[in-house]
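What follows is each chain in one-letter form.
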Amino acid sequence: MFLTARGARCQRLWVLDADVAAAFDNLDHDHLLGVLGTFPARKMVGKWLRSGVLDQGHLAPTERGSPQGGVISPLLMNAALHGMEQAAGVRYITTGSNAGTARPGSPVLIRYADDLLAFCHTRQEAEQVKARLAGWLAPRGLVFNEDKTRITHLDTEGVDFLGFSVRRYHGKLLIKPSKAAIKRIRARLSAEMKALRGANAEAVLQRLNPIIRGWAAYYRIVVSSKTFDALDDHMWKLTYKWAKFRHPHKPKRWIISRYFGMFNKSRRDRWVFGDRDTGAYLLKFAWTKIVRHTMVKGWASPDDPALADYWDWRRGRKQPVLDRARWRALIAQQGRCPLCGGLLLHADCEPQTPDAWEQWAAVTRTAIRKQAITAETGTSTPHETPTFRLIHTGCQRRLTRDVRTRPVTPANSL
C-alpha cells in the first residue's frame, strides 16, 4: 500500500496534502502529447486520442481532450507526473543494504493518480516542496487544486488519504481507517438493512456478506482491529433491529434463539447472525486477519521482466480473502486446479478500493467452489473417504458431462 513507501518514517512531522487539477478534457491533442514529453508510447497514445468514437455505425471525430473518467486519463496523468519525486527533491540511498530508502533529511513523496502526500521535517521544507512542484507542473499545463491542498502537522491533525487516516499518537505513527470512511460504511450498512426489512434472513446474508468482506479486505493492512470490533457491534444492533421489525410480537428470547447462535463452527461465538434453514451466517469484520503490507523493494516495477520472480513471490505470499477451509485447500493444491492444472486465482493486481474488493470476492466465489472428489479406490478399500479440493467450475461441469456420457462396461466382461 501507499504509506509503507520507501523511507516514509515517522520522524517527518509535516505533511503536504496536495491534489493536482488536471483539465485534460479541454486540451487540444498537440498539448496533450506535449504533456507526455518523451513517453515511449507517445505515438500510440496520439493515435488513440485521434481515433474517434464509433456509435451505432456513426463515427464521431475526437478533436480535442480526453473524456472525464476515461481509461486513458490515468495513463496521461501518470505519464505527465512521472519524475515528480526528483522535482520535489527526494533523494534515495542507491547502494548497500539500505538501497531504496530516503536519505536523512530528505522529504518523502507518495502519489496515487493526482493525489499526493509529501512528508517533510519542517513546515518550511513543506512549503519549499510545494513551490518546487508548482514550478515543475506549470510547463505541463497543470496546477495545484488549492481547495484540496494544505500543510498539516502529523501530531496534531494528521491527514486523510485514500480512505486512511495517518497520524502520530504519542510519538508512534499509526494508519487507521479514516472517520469519513467509517461513517460511509456505517451509513451504507444501515441503509441496506432498512431496505431489507421485508426480506428473509437468506437475502440479508447474500446482500451484506460481500460488503463486509470487501471493506474488511481493503482495510486489513492497517490498524483496524478496534474499528472492526466497533463495526461488528453496529451490525449486531442492525440485525437485532431487523429481526424485531420482522417479528414485532415475539419476545427477545425467541428472536435471539431464532436468528443468533454458533453458526460458525470454527469459532466459539454464539452471537452470530444466521439462517436456521440453510445454516448460512453473517460474516464479522473482526474475523478478517490483519496482514501488514510488505514494502516494495527499491524501484521494483511490475512491468520489469527481470523482476518477474520477485513479483510472483510477493503475490504468492499474500493470503487472499477466502475462508479458512478454502485457503488451506488452496495451499495444499499449490494454487492449481487438480483437473486441468491451471491457476485457480489470478491476482496480478490487487483491487484498489473496498468496492473493487467486494466485486473481486463475489466473482471469485462464483468462479470457484468447493467440491467433493472421490479418490480412486481399489477393491480392498471400497469406502474410502472423499477428499475436498478446489476446482474450476468449468472443469466440474466437463467432468460431470464426461461421467454421464461414458459408456457403462458390463460387470461380467471384466
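As shown above, the structure is provided for reference.
Each chain carries its own residue numbering, running from 1 in the direction its sequence is written. Owing to the predicted nature of the model, reporting of local features is limited to residues with pLDDT of at least 70; listing and counting of side-chain atom pairs is limited to 80 or more, with chain, interface and lining totals taken over all residues. Side-chain calculation: all heavy atoms of the structure are included, whereas hydrogens and water are not.

Things to note about the pattern of salt bridges
What counts as a salt bridge is simple: a side-chain nitrogen of Lys or Arg found within 4 Å of a carboxyl oxygen of Asp or Glu. Counted by the stated rule, this structure contains seven salt bridges. Note that glutamate 146 and lysine 130 form a salt bridge whose closest N and O atoms lie 3.2 Å from each other. Of this pair, glutamate 146 sits in the loop between β6 (143-144) and β7 (150-153) while lysine 130 is found in helix α5 (residues 123-137), placing the two residues 16 residues apart along the sequence. Residue exposure (1.4 Å probe, protein chains only): buried if accessible area is under 20% of the type maximum, exposed if over 50%, otherwise partly exposed. You can call glutamate 146 partly exposed: its relative accessible area is 47%. One salt bridge in this structure joins glutamate 157 and arginine 150, with 3.7 Å as the shortest N-O distance. Overall, the relative accessible area of 53% leaves glutamate 157 in the exposed class. By relative accessible area, which is 36% here, arginine 150 ends up partly exposed. Each helix is a run of H or I in the DSSP string that is no shorter than four residues. Each strand is a run of E no shorter than two, and both are numbered from the N terminus.

Quick look at the pairing of strand β1 (residues 14-21)
Counted residue by residue, β1 has six buried out of eight residues, so it is predominantly covered. Pairing between β1 and strand β5 (residues 115-120): six bridges, direction antiparallel. Looking at the pairing, leucine 16 lines up with alanine 118 of β5. Should DSSP find at least two bridges between two strands, the strands are taken to pair. Bridge analysis of β1 against β7 gives four bridges, and the strand direction is antiparallel. Looking at the pairing, tryptophan 14 lines up with histidine 153 of β7. Where β1 and β6 come together, two bridges link them in antiparallel fashion. Residue pairing in the sheet places alanine 21 in a bridge with valine 143 of β6.

Looking at the sheet that holds strand β8 (residues 159-161)
Spatially, β8-β9-β10 is the arrangement adopted by the three strands of the open sheet, whose pairing is antiparallel. Taken across any chain shown, the strands that pair with only one partner, and hence form the sheet edges, are β8 and β10 (172-177). Ignoring strand direction, the axes of neighbouring strands in this sheet form an average angle of 30°. When β8 meets strand β9 (residues 164-169), the two strands line up antiparallel, connected through three bridges. Residue pairing for β9: valine 159 is matched across the bridge by valine 166. Structural elements are reduced to axes, namely lines fitted to C-alpha atoms, with helices fitted over the stretch in contact, and the angle between N-to-C directions of any two is expressed from 0 to 180 degrees.

So, the state of the cysteines
Two cysteine sulfurs form a disulfide in these notes if their separation is within 2.5 Å. One pass over the full model with this rule turns up zero disulfides. Free cysteine cysteine 337: the closest other cysteine sulfur is in cysteine 395, separated by 3.9 Å.

Concerning the packing of helix α8 (residues 225-246) against helix α9 (residues 252-259)
Between α8 and α9, whose axes approach to 10 Å, the crossing angle comes to 115°. As the angle between them shows, α8 and α9 are arranged roughly perpendicular. Read as a crossing pair, α8 and α9 show a hand that is right-handed. Contacts between α8 and α9 involve Tyr240, Trp242, Ala243, Lys244 and Arg246 from the former and Lys252, Ile255, Ile256 and Tyr259 from the latter. For this classification, under 35 degrees means roughly parallel, over 145 means roughly antiparallel, 65 to 115 means roughly perpendicular, and everything else is oblique. For any helix crossing, the convention is left-handed if the near helix is rotated counterclockwise from the far helix by under a right angle, and right-handed if that rotation is clockwise. Here, residues are in contact when the closest pair of their heavy atoms is within 4.5 Å.

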